[in-house]
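# Coordinates in review
Listed below are the residues making up each chain.
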Amino acid sequence: MVKVSGAPEEIQLSAGATCREILFKALSRKKLKEVVACKCQERIYDLTSELGEDCSSLDPVLLSSHEGLKILRHSAAHIMAEAVKKLFPSVKVTIGPDIEHGFYYDFDYERPFTPQDLEKIEARMAESVSENKPFERMVVSVREAQKIFLELNETFKLEILDELDEDQVSLYKHGDFIDLCRGPHLPSTGYVKAFKLTSVAGAYWRGDEKRPMLQRIYGTAFASEKDLKKHLDRLEEAKKRDHRKLGVQLDLFSFSDEAGPGMPIFHPKGALVRTILEDFERKEHLRRGYQIVQGPQILRRELWEKSGHYDNYREHMYFTHIDDQVYGIKPMNCLAHMLIYKSRLRSYRDLPLRYFELGRVHRHEKSGVLHGLLRVREFTQDDAHILCRPDQLQDEIIGVVRFVQDVMNLFGFEYVVEVSTRPEKSIGSGDAWEKSTAALTRALEVIKLPYGICPGEGAFYGPKIDIKLKDALGRRWQCATVQCDFTLPERFDLFYTGEDGQKYRPVILHRVILGAIERFFGVLIEHFGGAFPTWLAPVQARIMNITGVQEEYVHYCAATLRDQGIRVELDVRNEKLGYKVREAQMEKIPYVLVAGDQEVEKSGLNVRMRGGKNLGMMSIQDVVDLIYQDMDEPFKKGGLSYRYLY
RNA sequence: GCCCACGUAGCUCAGUCGGUGGAGCACUUCCUUGGUAAGGAAGAGGUCACCGGUUCAAAUCCGGUCGUGGGCUCCA
């Protein structure tokens, strides 16, 4: 017997029955139309699959569900591959999975696809959809599959087959297009009601830059035109939040061809926001037992050799010469911190030592990866190195992760946590890697923070916990990170004197909270859509007069607010009030303070909040208190306390 | 670094078949003194990213360089 969720009774399971047959008995015709696959014990099957005897409960997978959408997109990728093969018979197909917001398929072809090609492919796909061809699943031996793909001259498929361990593989066929594929797929092509090809891009075969460059076509597909339109509208919305666009509009920062790519230039308002962020960080670090330090911008090459950077990180470094000496411009801040530790003997009583530096680093990032403020060549890290005894490691990691949580909550960020393990190019013993990886995961388990694992993604000197934030388009960017390092203490021969008078090696944690101020600022702009919370807003209030009569009064008001640390601007231009209000609104200034004759008479200001809400007239001191309260609000939740005043 | 697309005024964008470059906003001046998202008029503003080629003639066609965008790879 099989229990089908959503059906009133259990269904008799006859040998060789397919999912479709069982669902046919269990569900209404109307509901059945929405079903594209079924799920049994966390595995998803095609409707045409036969159910095993052990299947006791069956979940229909609806087209509108997350899983249904993935199947739809994967099938759309097949339909695209079919269309491409028809239009360009000499292409070779490779792989084509569904991805977060759509799908792609990589092709090997003698020339790149043009936007015009995409239109033709889309038209061909539409034909295939209207023919409503069934997807057929076939299970064959690897040998048979090899024969088929050899005949089709699909060499990439043969390569995949060679690497498979299984004896049997599944093939999917719709019309005359056949593909090696695990599935599952839609019952037929007609289910793909709404799709759009979005872009072409180069992509290396198997993501390896030494292998051939393939042509990747990206597309997206939805269960209905309405959903597709909603998605495209969301993309349009996201563009408005793009930090590069807002950076120009709000006059926060710029890039200049003359200065060079990846070199951000902070304008007064952007520089003020980051100054506040940095000021907050300095105070918060001091509060949490860190010590502020500062190292030089360039250090001798020999020191980079000693640390291992010269061997492992050289291609990302810039070098310069002083007299006959080669100096490396720092891409990381650790070196000087090591020297501070070494500058005197350390006792076990001194540990942990937490050295904090807002360190400006330079890294030679490949030209193709630069991206607004989110990837630049010069940036400032809120970097710290914690030197501690092995028995303190656990608590220190927990302290850092808690710090990250507090700060992310302050801004209201959602984040993803990942543990990255040993990469191919790395230094240190296997034992040290294992120990430090375990220390990281154990810390996350202690504070019950869910995490994923990224195999081989660690830094060359140790494993790490990464905390990633999303930008307006949902792309993930690494911000906070905690990295274990058992090798730097050895390379620098760091030690402390233990209780017994013997020498012991300290352990190092490299860690950042915001990560790079530049990147964090970029993500922050997108997170708030440019409307910074009052404590961070470069201009907190704009004061404006209605006519020239009140000009002297608004100058007085501005001076009064400024005296109490409020960041105010004055707008006394000969313009109508509506015009001045509109401008302040577009600049996303939290408070508009208006003075007309009534306000002058009563020594008050009329308060309009960002977004349009009008609070009416208040005394000047009440306005100051209101803004103070607004500045303090985000900190109350987390038990933090901070106010930037000048 | 690799693949594709793009580069016109401070910003957003027109510019046909190759024939001495346009609009809106912003800016300056003048008029207007107006109560919560754009009052009116006039003016100024460009080596069409840069270099080279084809042509009687190039923003426009071709090549190169630089930069930007979307990906790949890499990473905070």
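The rules behind each value
- Each residue is numbered by its place in its chain's sequence as written, counting from 1.
- By the order in which they are written, chains take letters starting at A while ligands take numbers starting at 1.
- It should be noted that, the model being predicted, local features are given only for residues of pLDDT at least 70 and side-chain atom pairs only at 80 or more, the latter also being counted only at that level, while totals for whole chains, interfaces and linings use all residues.
- To get the side-chain values, take all heavy atoms of the structure and skip hydrogens and water.
- For each residue, the test is whether any non-hydrogen atom lies within 4 Å of the molecule or strand; if one does, the residue is near.
- A 3.5 Å cut-off defines polar contacts: any pair of N or O atoms within that distance qualifies, except that in protein one atom must be a possible hydrogen donor and the other a possible acceptor, and neighbouring residues in sequence count only when both atoms are side-chain atoms.
- A run of H or I in DSSP becomes a helix once it reaches four residues, and a run of E becomes a strand once it reaches two; helices and strands are each numbered from the N terminus.
- In this classification, the charged set is Asp, Glu, Lys and Arg, the nonpolar set is Ala, Val, Leu, Ile, Met, Phe, Trp, Tyr, Cys and Pro, and all remaining amino acids, among them Gly, are polar.
- An axis is simply a line fitted to the C-alpha atoms; with a helix, the fit covers only the stretch in contact. Between two such axes, the angle follows the N-to-C directions and lies from 0 to 180 degrees.
- Comment on the angle field: the value is read as roughly parallel under 35 degrees, roughly antiparallel over 145, roughly perpendicular from 65 to 115, and oblique elsewhere.
- Crossing handedness follows the turn of the near helix against the far one: under a right angle anticlockwise gives a left-handed crossing, and clockwise gives a right-handed one.
- Working rule for contacts: check all heavy atoms of both residues, and any pair within 4.5 Å makes them a contact.
- Strand pairing is assigned whenever DSSP identifies at least 2 bridges connecting the two strands.
- Here the expected length of a helix is defined as 1.5 Å per residue gap, with one fewer gap than residues.
- Relative accessible area decides the class of each residue, using a 1.4 Å probe on protein chains only: under 20% of the type maximum gives buried, over 50% gives exposed, and in between gives partly exposed.
- What counts as a ring pair is set by centres within 6.5 Å for rings of Phe, Tyr and Trp (its six-membered ring), and what kind of pair is set by the plane angle: stacked under 30 degrees, edge-to-face over 60, tilted for all other angles.
- A ring is scored as having a charge over it whenever the NZ atom of a lysine or the CZ atom of an arginine sits within 6 Å of its centre and within 35 degrees of its normal.
- Salt bridge, as applied in this entry: a Lys or Arg side-chain nitrogen positioned within 4 Å of an Asp or Glu carboxyl oxygen.
- These domain boundaries are the output of an automatic or database domain assignment.

## Topic: the protein's contact with RNA strand B
With respect to spatial proximity, 57 residues lie near RNA strand B, and among them Tyr204, Ser367, Arg375, Gln478 and Asn574 are the closest. Sugar plus phosphate: this is where 50% of the atoms of RNA strand B within 4 Å of the protein reside. Separating a phosphate oxygen of RNA strand B from a side-chain N or O atom of Arg244 is a distance of 3.0 Å. Contact distances for RNA strand B include 3.5 Å between a sugar or linking oxygen and a backbone N or O atom of Cys479. Of all the secondary structure elements, the ones that give two or more residues to the surface near RNA strand B are strand 11 (194–204), strand 12 (213–222), strand 20 (378–388), strand 24 (476–485), helix 18 (577–586), helix 19 (597–602) and strand 31 (604–609). The dominant element in the surface near RNA strand B, judged by the number of residues it contributes, is helix 18, at six residues. Residues that form the surface near RNA strand B fall into these classes: 19 nonpolar, 20 polar and 18 charged.

## A word on the packing of helix 9 (residues 268–287) against helix 16 (residues 517–528)
Two numbers describe a pair of packed helices, the interaxial angle and the distance between the axes. One way to put it is that helix 9 packs onto helix 16 with a least axis distance of 11 Å and a crossing angle of 115°. Judged by the inter-axis angle, helix 9 sits roughly perpendicular to helix 16. Here helix 9 runs over helix 16; the crossing is right-handed. Here helix 9 contributes Gly270, Val273, Arg274, Leu277, Glu278 and Glu281 to the contact with helix 16, which in turn contributes Ile517, Glu518, Phe520, Phe521 and Leu524. Looking at the contact of helix 9 with helix 16, its residues break down into six nonpolar, one polar and four charged.

## Points about the sheet that holds strand 16 (residues 298–300)
Strand pairs in the sheet, formed through backbone hydrogen bonds, run parallel or antiparallel to each other. The strand order across the open sheet built from three strands is 16-18-17, with neighbouring strands paired in antiparallel fashion. Edge strands, defined here as strands with exactly one partner in the open sheet, are strand 16 and strand 17 (318–322). Within the sheet, the average angular offset between the axes of one strand and its neighbour, ignoring direction, is 40°.

## Quick notes on the sheet that holds strand 31
Within the open sheet, the five strands sit side by side as 29-28-30-31-32. Their pairing is mixed. The open sheet has two edge strands with one neighbour each: strand 29 (568–571) and strand 32 (614–619). Sheet twist, expressed as the mean angle between neighbouring strand axes with direction ignored, is 25°. Pairing analysis gives five bridges linking strand 31 to strand 32, with the strands arranged antiparallel. Bridge pairing links Asn606 to Met617 in strand 32.

## Examining helix 16
Between its first and last C-alpha, helix 16 extends 16 Å over 12 residues, near the 16 Å set by a 1.5 Å rise per residue. Taking burial as the measure, the 12 residues of helix 16 include 10 buried ones, the bulk of the element. Regarding helix 16, the residues found buried are Ile517, Glu518, Arg519, Phe520, Phe521, Gly522, Val523, Leu524, Ile525 and Glu526. Backbone geometry just downstream of helix 16 places Gly529 in the positive-phi region, at approximately 55°.

## Some points on the packing of aromatic side chains
The tally for this structure, following the rule as stated, stands at 26 aromatic pairs. Here Phe253 and Phe255 contribute two aromatic rings whose centre-to-centre distance is 6.1 Å and whose plane-to-plane angle is 80°, an arrangement assigned as edge-to-face. On the basis of relative accessible area, Phe255 is assigned to the partly exposed category, the value being 33%. One aromatic cluster is present, built from ring pairs that chain together Phe280, Phe411, Phe413, Phe520, Trp535, Phe635 and Tyr642. For the cation-ring pair, Arg274 lies above Phe266, with the distance from its terminal atom to the ring centre recorded as 4.7 Å. Residue placement shows Arg346 over the ring face of Tyr341; its charged tip is 5.4 Å from the ring centre.

## Observations concerning the pattern of salt bridges
Under the defined criterion, the tally for this structure stands at 44 salt bridges. Note that Asp117 and Arg111 form a salt bridge whose closest N and O atoms lie 2.8 Å from each other. Residue class for Asp117 comes out buried when judged on its relative accessible area of 2%. Residue classification places Arg111 among the partly exposed residues on the basis of a relative accessible area of 31%.

## Focus on the domain arrangement of chain A
Partitioning chain A into structural domains gives domain 1 (3–62), domain 2 (67–231), domain 3 (253–296 + 331–528) and domain 4 (541–645). Once you take the C-alpha centre of each, domain 3 and domain 4 turn out to be 39 Å apart. Residue-level contacts link 12 residues of domain 3 with nine residues of domain 4. In this assembly, domain 3 and domain 4 are joined by two salt bridges. One salt bridge connects Glu569 with Lys269, and the closest N-O pair in it is separated by 3.6 Å. Our count for the domain 3 to domain 4 interface comes out at three residue pairs in polar contact (both at pLDDT 80 or more). Going through the elements one at a time, helix 9 and helix 13 (393–411) are the ones with two or more residues in the side of domain 3 that touches domain 4. No other element matches helix 9, which puts nine residues into the side of domain 3 that touches domain 4. Among the residues forming the side of domain 3 that touches domain 4, the class breakdown is four nonpolar, one polar and seven charged.

## Comments concerning helix 7 (residues 225–241)
In a regular helix each residue adds 1.5 Å, so 17 residues correspond to 24 Å; helix 7 covers 25 Å between its end C-alpha atoms and thus fits that length. Buried residues belonging to helix 7 abut strand 11 and strand 12.

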